[in-house]
Amino acid sequence: KKVEADIKGKLDTAESYFVEVRKAAPQLSEAGLQLAMLYQQTARVDEAEKLLVDMAAAQPDNPPVWLQLGDLYFNTERWSDSLEAYSKVLKVSQHHPRALLQRGNVYKRMRDPNNKDDDNFAKARADYEATALAQPDAWFAYYNLACLDALEGKSDDAFANLGKAIKRGLNNKSLVDRKSVG
């Protein structure tokens, strides 16, 4: 209980600090992003969303704000909202590797396997390929391409892309450490 109280005290102190920085310098988005992250980590998702939405309205061309908002929506499985947020990042920064990767992850989750006309896997593939072009050493782009290939029954392509991912640094530890793996 003492440890929990100590952690809560430190979180309260951090929150107070970020709130004060935001009051003193509202144009500094980093304090707002850190505060939103703190809210998310302490299960205050609604507060995080409100803060990020307000920041996005005030700074519509700020990719980190839209990226974090997209991640919040992604983590709460609000696929359409996350697609919109990642697309806003890409409107400002066309080849942003993380936004491309995350948007691909959303498309992969939105796929309807019962609809033969569903093109979400094709959209995911296009985003993963664009990620690989924007960041050639990105093992996670090839890993996600391998996953798509496997889901589509393309085992030769899956192994080829998995080999590319391994050459670029994929290992068991990297799978555990990375949130960006879809």
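Before reading on, note that the structure itself is shown above.
Residues numbered from 1 in each chain as written. Predicted model: local features only at pLDDT ≥ 70, side-chain atom pairs only at ≥ 80, totals over all residues. Heavy atoms only, no water.

Visitor: How should I be thinking about the packing of aromatic side chains in this particular structure?
Guide: To describe a pair of aromatic rings, one takes the distance between the centres and the angle between the planes. A complete count under the given rule lists 3 aromatic pairs for this structure. Seen from their ring centres, Phe74 and Trp79 are 5.3 Å apart, and the 70° between their planes marks the pair as edge-to-face. Taking the centre distance of 6.3 Å and the plane angle of 70° together, the rings of Trp139 and Tyr143 count as edge-to-face. Of this pair, Trp139 and Tyr143 both sit in helix H8 (residues 139-151), separated by 4 residues, roughly a single helical turn. According to the relative accessible area criterion, Trp139 is buried, its value standing at 8%. Put simply, the rings of Trp139, Phe140 and Tyr143 touch in pairs and so form one group of aromatic residues. Over the ring of Phe121 we find Arg111, and its NZ or CZ is 4.2 Å from the ring centre. (Phe/Tyr/Trp six-rings, centres within 6.5 Å; stacked < 30°, edge-to-face > 60°. Helix = DSSP H or I, 4+ residues; strand = E, 2+ residues; numbered from the N terminus. Buried < 20%, exposed > 50% of the residue type's maximum accessible area, 1.4 Å probe, protein only. Lys NZ or Arg CZ within 6 Å of the ring centre and 35° of its normal.)

Visitor: Help me understand the packing of helix H6 (residues 97-110) against H8 in this model?
Guide: In a packed pair of helices, the relevant descriptors are the angle between the two axes and the axis-to-axis distance. Put simply, H6 and H8 touch, their axes get as near as 11 Å, and they point 15° apart. If you check the angle between H6 and H8, you find them roughly parallel. When the axes of H6 and H8 are compared, the crossing they make is left-handed. Residue-level inspection shows Leu101, Asn105 and Lys108 of H6 in contact with H8, the latter providing Phe140, Ala141, Asn144, Cys147 and Leu148. Each residue belonging to the contact of H6 with H8 can be placed in one class, and the counts come to 5 nonpolar, 2 polar and 1 charged. (Axes fitted to C-alpha atoms, helices over the stretch in contact; angles between N-to-C directions. Parallel < 35°, antiparallel > 145°, perpendicular 65-115°, else oblique. Left-handed = near helix turned anticlockwise from the far one by under 90°. Contact = heavy atoms within 4.5 Å. Nonpolar A, V, L, I, M, F, W, Y, C, P; charged D, E, K, R; others polar.)

Visitor: So what exactly am I meant to see when it comes to the pattern of salt bridges here?
Guide: A side chain of one charge can pair with a side chain of the opposite charge when the charged atoms of the two come close. Using the criterion set out here, one finds 12 salt bridges in the structure. Measuring nitrogen to oxygen at the nearest pair gives 3.0 Å for the salt bridge that ties Glu49 to Arg78. Here the residue Glu49 occupies a position in helix H3 (residues 45-58), and Arg78 occupies one in the loop between helix H4 (63-75) and helix H5 (79-92), the gap between them amounting to 29 residues. Salt-bridge contacts for Asp149 lead to Arg125; the nearest nitrogen and oxygen are separated by 2.8 Å. (Salt bridge = Lys/Arg side-chain N within 4 Å of Asp/Glu carboxyl O.)

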